[in-house]
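Each chain, letter by letter, is given below.
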Amino acid sequence: MKIIAIVSGKGGVGKTTVSANLCAGLRRLGKSVLAVDLDPQNALRLHFGVSPRHVGGLARAVLSGDDWRSSVVQGNTGDYVLPYGSINEGDRLDFEQDLRENPTLLRDQLALLGLAEDCVVVLDTPPGASVYLTQALAAANAAVIVALPDAASYATLPKIMSLIKQYCSRRKKFLGYLLLINQVDRVKQLADDVTDMMSAKFGKKSIVLIHQDQAIPEALAYSKDLQEYDPLSRGAHDVKLCVQAVERLLNSDTVGVAAL
Ligand SMILES: Nc1ncnc2c1ncn2[C@@H]1O[C@H](COP(=O)(O)OP(=O)(O)OP(=O)(O)O)[C@@H](O)[C@H]1O
Ligand SMILES: [Mg+2]
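For clarity, every value in this text was computed on a predicted model and none was experimentally measured.

K.L.:
Just give me the short version of the overall build of the protein, but keep the residues and values in it.
P.N.:
A tally of regular secondary structure across the protein gives 10 helices and 8 strands. The globule rule puts the C-alpha radius of gyration for 260 residues at 18 Å, and the 17 Å found for the protein is close to it. Expressed as lengths along the three principal axes of its C-alpha atoms, the size of the protein is roughly 50 × 40 × 35 Å. Going through the 260 residues of the protein one by one, you find that 44% of them count as buried. When contacts within the protein are restricted to residue pairs at least 6 apart in sequence, those whose partners lie at least 24 apart make up 78%.

K.L.:
For helix H6 (residues 151-168), give the residues involved together with the corresponding values.
P.N.:
Relative to the 26 Å expected for 18 residues at 1.5 Å per residue, H6 spans 26 Å between its end C-alpha atoms, a close match to the ideal helical length. Of all the bends in H6, the greatest reaches close to 35° and is centred on Leu 157; the proline Pro 158 follows between one and four positions later. Every buried residue belonging to H6 is among Ser 153, Ile 160, Met 161, Leu 163, Ile 164, Tyr 167 and Cys 168, and all of these are buried. As for H6, its buried residues are in contact with strand E1 (2-7), helix H5 (131-139), strand E6 (142-147) and strand E7 (176-184).

K.L.:
I'd like a rundown of the nonpolar core, residues and numbers included.
P.N.:
If you look at soluble globular proteins, the nonpolar side chains tend to sit buried side by side. Of all hydrophobic cores here, the largest spans 77 residues; its most connected members are Ile 4, Ala 140 and Ala 143. When sequence neighbours within four positions are dropped, the list of residues in contact with Ile 4 reads Val 120, Val 122, Leu 123, Ala 140, Asn 141, Ala 142, Ala 143, Val 144, Val 246 and Leu 250.

K.L.:
How would you summarise the site of ligand 1 if you had to cite specific residues and measurements?
P.N.:
The immediate surroundings of ligand 1 are formed by 21 residues, with Gly 11, Gly 14, Thr 16, Thr 17 and Pro 217 found nearest. The set of elements that each furnish at least two residues to the shell around ligand 1 consists of helix H1 (15-28), E7 and helix H8 (215-221). Partitioning the shell around ligand 1 into residue classes produces 7 nonpolar, 11 polar and 3 charged.

K.L.:
Residue-level account of the pairing of strand E5 (residues 120-124), with values.
P.N.:
Most of E5 is tucked away, with 5 of its 5 residues classed as buried. The two faces of E5 match: Val 120, Val 122 and Asp 124 on one face and Val 121 and Leu 123 on the other face are all buried. Alignment of E1 against E5, held across 5 bridges, turns out to be parallel. By the bridge assignment, Lys 2 is partnered in E5 with Val 120.

K.L.:
Help me get a handle on the sheet that holds strand E2 (residues 33-37), residues and values and all.
P.N.:
In space, the 8 strands of this open sheet follow the order E3-E4-E2-E5-E1-E6-E7-E8, with mixed pairing throughout. If you trace the sheet from one side to the other, it starts and ends with strand E3 (73-74) and strand E8 (207-211), each paired once. Sheet topology note: the E2/E5 ladder contains 5 bridges and is parallel. Bridge pairing links Val 36 to Leu 123 in E5. Packed on one face of the sheet, H1 meets E1, E2, E5, E6 and E7 and runs near 170° to E5.

K.L.:
Account for the environment of Glu 96, naming residues and giving values.
P.N.:
Tracing the backbone shows Glu 96 in helix H3 (residues 89-101). Linking Glu 96 and Ser 130, residues 34 residues apart in sequence, is a C-alpha distance of 9.5 Å.

K.L.:
Pulling in residues and values, what's your account of the packing of helix H4 (residues 105-112) against H5?
P.N.:
Running from N to C, H4 and H5 cross one another at 50°; their axes reach a closest spacing of 7 Å. Judged by the angle between their axes, H4 and H5 are oblique. The segment H4 lies against H5, with Leu 105, Leu 106, Arg 107 and Leu 110 engaging Gln 135, Ala 136, Ala 138 and Ala 139.

K.L.:
Explain the pairing of E7 to me, and be specific about the residues and the numbers.
P.N.:
Across the 9 residues of E7, 9 count as buried, placing the element largely inside the fold. Strand direction decides the pairing type here: E6 and E7, joined by 6 bridges, are parallel. The residue bridging Ala 147 from the neighbouring strand is Ile 181, located in E7. Crossover E6 to E7 through H6 is right-handed. Bridge count between E7 and E8: 5 bridges; the pairing is parallel. Of the residues in E8, the one forming a bridge with Leu 180 is Val 208.

About the thresholds
- Residues numbered from 1 in each chain as written.
- Chains lettered and ligands numbered in written order.
- Predicted model: local features only at pLDDT ≥ 70, side-chain atom pairs only at ≥ 80, totals over all residues.
- Helix = DSSP H or I, 4+ residues; strand = E, 2+ residues; numbered from the N terminus.
- Rg over C-alpha atoms; globule rule 2.2 N^0.38 Å.
- Buried ≥ 20, exposed ≤ 12 C-beta atoms within 10 Å, placed from the backbone.
- Contact = placed C-beta atoms within 7 Å.
- Expected span 1.5 Å × (residues − 1).
- Bend = angle between axes of the 7 residues up to and from the residue.
- Core = buried A, V, L, I, M, F, W, Y, C linked by C-beta atoms within 7 Å.
- Near = placed C-beta within 6 Å.
- Nonpolar A, V, L, I, M, F, W, Y, C, P; charged D, E, K, R; others polar.
- Pairing = 2+ DSSP bridges.
- Axes fitted to C-alpha atoms, helices over the stretch in contact; angles between N-to-C directions.
- Parallel < 35°, antiparallel > 145°, perpendicular 65-115°, else oblique.
- Right-handed = clockwise from strand over helix to strand, strands pointing away.

Following this line, the structure appears as structure tokens:
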């Protein structure tokens, strides 16, 4: 089992969308995949066609002491998803306290699932520093930092990189990270300039791009895998390259955190 955390310093940059598309792409490469939602927004399941009325998930399982396996659901795409779950505010605070008291809870619970060697667990996280990010980074074998090509995303990169360094760089099983610049729009000069600045900072090898493409939100709206919904779209092409880059990272045996 390999675990990849999808993280960002800033909200609304496309982490959940990327998580779902990565799962679909890795499954197409023959991997078994488990998507895990660590965000109280509980939105990842919607990308797999799980009903908005579905209330189960990992937060509920922790609070009631249930086996996490009983909260895994299969979406309409065939992928397995472990939703965050629908809980009230008091339960959320209790759950977050549990996470604070046991920083390796996620890692330990994922190990108990007994997933196959070739299984990839994709962790979707809320933006910025949080108890969820700490748990995700303590479990991850690799990370994808998602950013928009704008000044606000650029400004959050040092913080998110320092958190990756703090929680991952000393772990032997951490293979490295990629910076995914999402919603690249080559028509806009500013987006172009920021993309170039990020490329210069991270080095081309650690960067992947996904262009802004309406096919991406449309595929979600119609509950379709992007590669089936619009296989010739720019977005579908970019996502394929991202999946390949993630697969290369997960198969690498060298620690790629030299730039941290
Ligand atoms: N490459 C893209 N092209 C066009 N639209 C996109 C692209 N990537 C994401 N989006 C859209 O951007 C919006 C935000 O995406 P998403 O919810 O995945 O962000 P997020 O980082 O998970 O947000 P949050 O921080 O709130 O969890 C959505 O409407 C999504 O459809
Ligand atoms: Mg999200």
